[in-house]
Amino acid sequence: MIQREDLMCDLGGNTAKLEPFHLVIYGASGDLTARKLVPALYNLFKEGRLPEIFNIVGFARRSKTDQQFRQEMKEGVQRFSRTGLDEKLWSEFQEHIFYQIGDFPQKDSYIALARKLESLPGASVIGQRHMHYLSTAPEFFALIAYNLKYAGLLNYPDVQRLVIEKPFGQDYQSAMELNTALQSCIDEKALYRIDHYLGKESVQNLLYFRFANAVYEPLWNRNYIDHVQITVSEAEGVGTRGGYYDKSGALRDMVQNHLLQLLTLTAMEPPASLDPERLRDEKVKVLRSIPSFTKEQLAENLVRAQYKGYLNEDRVAPDSKTETFVAIELMIDNWRWSGVPFYLRTGKALHHKASEIIIVFRRPPMVLFQQLCGPRLSRNTLRIRLQPDEGIHLTFNAKTPGRERIEPIDMDFRYNSEWLSYSPEAYERLLGDALAGDSTLFTRGDEVLEAWRVIDSIQKQWHDLPVRTYEVGSWGPAEAAAMIRREKNRWLLES
Ligand code: BG6
């Protein structure tokens, strides 16, 4: 009998052992290092992906010994590693962790860092294989890159990498300036811009789902799809991040990056190959096909809102107009998608945390059942559940046994029932890929700019639009429901 294993096809990409490296984390005292980065590296070590020779160096302003830094990281792993902490393994792993005091604006700090790297164990084997991870406020990105360049730490783009995480600017202009500054220090191909959504297994699966199957692709277009809904809802409010969030808002914090990434993966054409550049080319093409909004279109196709009580949050301006919710209807003007609305929605303090892409298919032709039932005949929907409770659900119509009746039923696939503990953390995948030099899951410079073009056409023209309010724990303002109802649709994630 054929076993399931016989039908598996291992692409092998992200399991190979990595080459020896130095990884320097700038801003290593920040939350991200202990909460995400070091636990991810620890788990890569546990899985045998890290080579025998590697060094992780925390670079930050406070004075600290290696031992103190190791202890802090150990606590981080204890609290946040998905596999917990194994004392024996930790004692081996921590031998690879070091600390270097440094001040971002001080050139001398980078000269001292370069010297430190040369003195670390295995430095002669590691050579120039450096990865610089900027876990800092974005205003330091260009400064650190210049100083690394000055210290001769970015001269080998074939083996060196610079990793940054959003925000990549606040609008098109600033993003372009950032691109130019970084690209003057290191080649674009050595720049790794993280969008942590692309590290999620369920998001990566979108590509496999679409292009490793033959049944969906013929239907994946304007002839069969009525519209697409993409929702990323969060139950939490802004919490302790009021200071950052109030200057950003949902549009820049979530739509410019995560939601548009989900949209490009849903809408892109099959790439010519799995080469990272070909894949990213296709994503850019989708963004290019989204027309910039006119002011009139915004009034009709966009709702922004704030949850009640937001103005009382810590470090939020008392008269703030920052949106904590946004719903947008946009079009992709290309051959495949012309006339198909894409509804995007995201917000904080909503009913519950969930991210879903829902493809709603057209109704069958106006004969037979459709003639009898009209709009009561449910449309087929494909719900791609990205988090939590990841899975894919297809709804179709069937006959109720014993009755002349049609009812929609579900065909369910759940990650949890298929693969019990399937999920590595997004940062494991992303750090592993960046160290391996695979840029597939990272955002390219031109992609960032195209996304900003679309977002700028919103944020530069929406000042006169009202900021609605909504109840904490609801699904957002009534206007968002009204917007989608105009085309006789409704948000399906609410049901
Ligand atoms: C971040 C945003 O990029 O993504 C946060 O800055 C948001 O505001 C977070 O809460 C959501 O990520 P996830 O993985 O929890 O859906």
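My aim in this report is to walk through the structure given alongside it, one point at a time. (Residues numbered from 1 in each chain as written. Predicted model: local features only at pLDDT ≥ 70, side-chain atom pairs only at ≥ 80, totals over all residues. Heavy atoms only, no water.)

Thoughts on helix α2 (residues 66-80)
- In this model, α2 (15 residues) spans 21 Å end to end at C-alpha, consistent with the 21 Å of a helix rising 1.5 Å per residue.
- Taken as a whole, α2 has its buried residues at Phe-69, Arg-70, Met-73, Lys-74, Gly-76 and Val-77. Along the axis of α2, the buried residues cluster in a sector spanning 160 degrees; they form a single face.
- Looking at the buried residues of α2, the elements they touch are α1 (31-46), β2 (54-60), α3 (87-93) and β3 (97-101). (Helix = DSSP H or I, 4+ residues; strand = E, 2+ residues; numbered from the N terminus. Expected span 1.5 Å × (residues − 1). Buried < 20%, exposed > 50% of the residue type's maximum accessible area, 1.4 Å probe, protein only. Arc of directions from axis to C-beta. Contact = heavy atoms within 4.5 Å.)

Description of the nonpolar core
- Of all hydrophobic cores here, the largest spans 136 residues; its most connected members are Tyr-26, Phe-93, Leu-263 and Phe-342.
- Broken down by element, this core gets its largest block of residues, eleven residues, from helix α9 (residues 242-267).
- Apart from the residues lying within four places of it in its own chain, the contact partners of Tyr-26 are Phe-59, Phe-104, Tyr-110, Leu-113, His-132, Tyr-133, Leu-134, Ser-135, Thr-136, Ile-144 and Leu-148. (Core = buried A, V, L, I, M, F, W, Y, C linked by side-chain atoms within 4.5 Å.)

Focus on the site of the ligand
- Taken together, Lys-166, His-196, Tyr-197, Lys-200, Glu-234, Arg-241, Asp-253, Met-254, His-258, Lys-348, Lys-353 and Gln-387 make up the full set of residues adjacent to the ligand.
- His-196 has a polar side-chain atom sitting 2.8 Å from an oxygen atom of the ligand.
- Within the side chain of Glu-234, one N or O atom sits 2.5 Å away from an oxygen atom of the ligand.
- Protein coverage of the free-state accessible area of the ligand, which is 400 Å², stands at 80%.
- No other element matches α9, which puts three residues into the shell around the ligand.
- Here the shell around the ligand is composed, by residue class, of two nonpolar, three polar and seven charged. (Near = heavy atom within 4 Å. Polar contact = N/O pair within 3.5 Å; in protein donor to acceptor, adjacent residues only side chain to side chain. Areas by Shrake-Rupley, 256 points an atom, 1.4 Å probe, with all protein chains shown as cover. Nonpolar A, V, L, I, M, F, W, Y, C, P; charged D, E, K, R; others polar.)

Things to note about the packing of aromatic side chains
- Counted according to the given criterion, the structure contains 22 aromatic pairs.
- Aromatic pair Tyr-42 and Phe-93: ring centres 5.7 Å apart, planes at 80 degrees, arrangement edge-to-face. Here the residue Tyr-42 occupies a position in helix α1, and Phe-93 occupies one in helix α3, the gap between them amounting to 51 residues.
- With 5.5 Å between their ring centres and 55 degrees between their planes, Trp-90 and Phe-93 make a pair best called tilted. (Phe/Tyr/Trp six-rings, centres within 6.5 Å; stacked < 30°, edge-to-face > 60°.)

A few points about helix α10 (residues 276-288)
- Compared with the 18 Å implied by 1.5 Å per residue over 13 residues, the 18 Å span of α10 between its first and last C-alpha is a close match.
- Three or more residues of α10 are buried, namely Pro-276, Leu-279, Arg-280, Glu-282, Lys-283, Val-284, Val-286 and Leu-287.
- In this structure, the buried residues of α10 make contact with α8 (201-211), α9 and α15 (445-459).
- Two or three places before Glu-277, at the start of α10, stands the capping residue Asp-275, its side-chain oxygen 2.9 Å from that residue's backbone nitrogen.

Brief notes about the pairing of strand β5 (residues 161-165)
- In terms of burial, β5 is a largely internal element, five of the five residues being buried.
- Neither face of β5 is open: one carries Arg-161, Val-163 and Glu-165, the other Leu-162 and Ile-164, and all of them are buried.
- As paired strands, strand β4 (residues 130-134) and β5 are joined by four bridges and run parallel to one another. Pairing of Met-131 across the sheet is with Arg-161, part of β5.
- When β5 meets strand β6 (residues 191-194), the two strands line up parallel, connected through four bridges. Across the sheet, residue Ile-164 finds its bridge partner in β6, namely Arg-193.
- After leaving β5, the chain enters helix α7 (residues 172-183) and then returns to the sheet as β6, a path that is right-handed. (Pairing = 2+ DSSP bridges. Right-handed = clockwise from strand over helix to strand, strands pointing away.)

Thoughts on the pairing of β4
- Counting buried residues along β4, five of its five residues qualify, which places the element largely inside the surrounding structure.
- What you see with β4 is no split at all: His-130, His-132 and Leu-134 on one side and Met-131 and Tyr-133 on the other are buried throughout.
- Pairing analysis gives five bridges linking strand β1 (residues 21-26) to β4, with the strands arranged parallel. Bridging across to β4, Tyr-26 finds its partner in Leu-134.
- Tracing the backbone out of β4, into helix α6 (residues 141-150) and back to the parallel element β5 gives a crossover that is right-handed.

A short note on a nonpolar patch on the surface
- A grouping of Val-367, Leu-368, Phe-369, Leu-372 and Ile-406 is seen on the molecular surface, where their side chains present a nonpolar patch of about 530 Å² in accessible area.
- If you tally residues by element for the nonpolar patch, the top one is helix α12 (residues 368-373), at three residues.
- Relative to the helices and strands, Ile-406 resides in strand β14 (residues 406-414).
- Exposure remark for Ile-406: the relative accessible area of 31% places this residue in the partly exposed category. (Patch = residues over 30% accessible without salt bridge, like charges linked within 9 Å, V, L, I, M, F, W, Y side chains within 5 Å. Salt bridge = Lys/Arg side-chain N within 4 Å of Asp/Glu carboxyl O.)

Focus: the pattern of salt bridges
- In this structure the tally under the stated criterion is 40 salt bridges.
- For Lys-189, the salt bridge is made with Asp-158, and the minimal N-O distance between the two is 3.1 Å. In this pair, Lys-189 sits in the loop between α7 and β6 while Asp-158 sits in the loop between α6 and β5, placing the two residues 31 residues apart along the sequence.
- On the basis of relative accessibility, which here comes to 62%, the residue Asp-158 falls in the exposed class.
- Linking Arg-193 and Glu-188 is a salt bridge whose minimum nitrogen-to-oxygen distance equals 2.8 Å. For the pair shown, Arg-193 and Glu-188 are each scored as buried.

No statement about biological role is implied by the geometric values presented.
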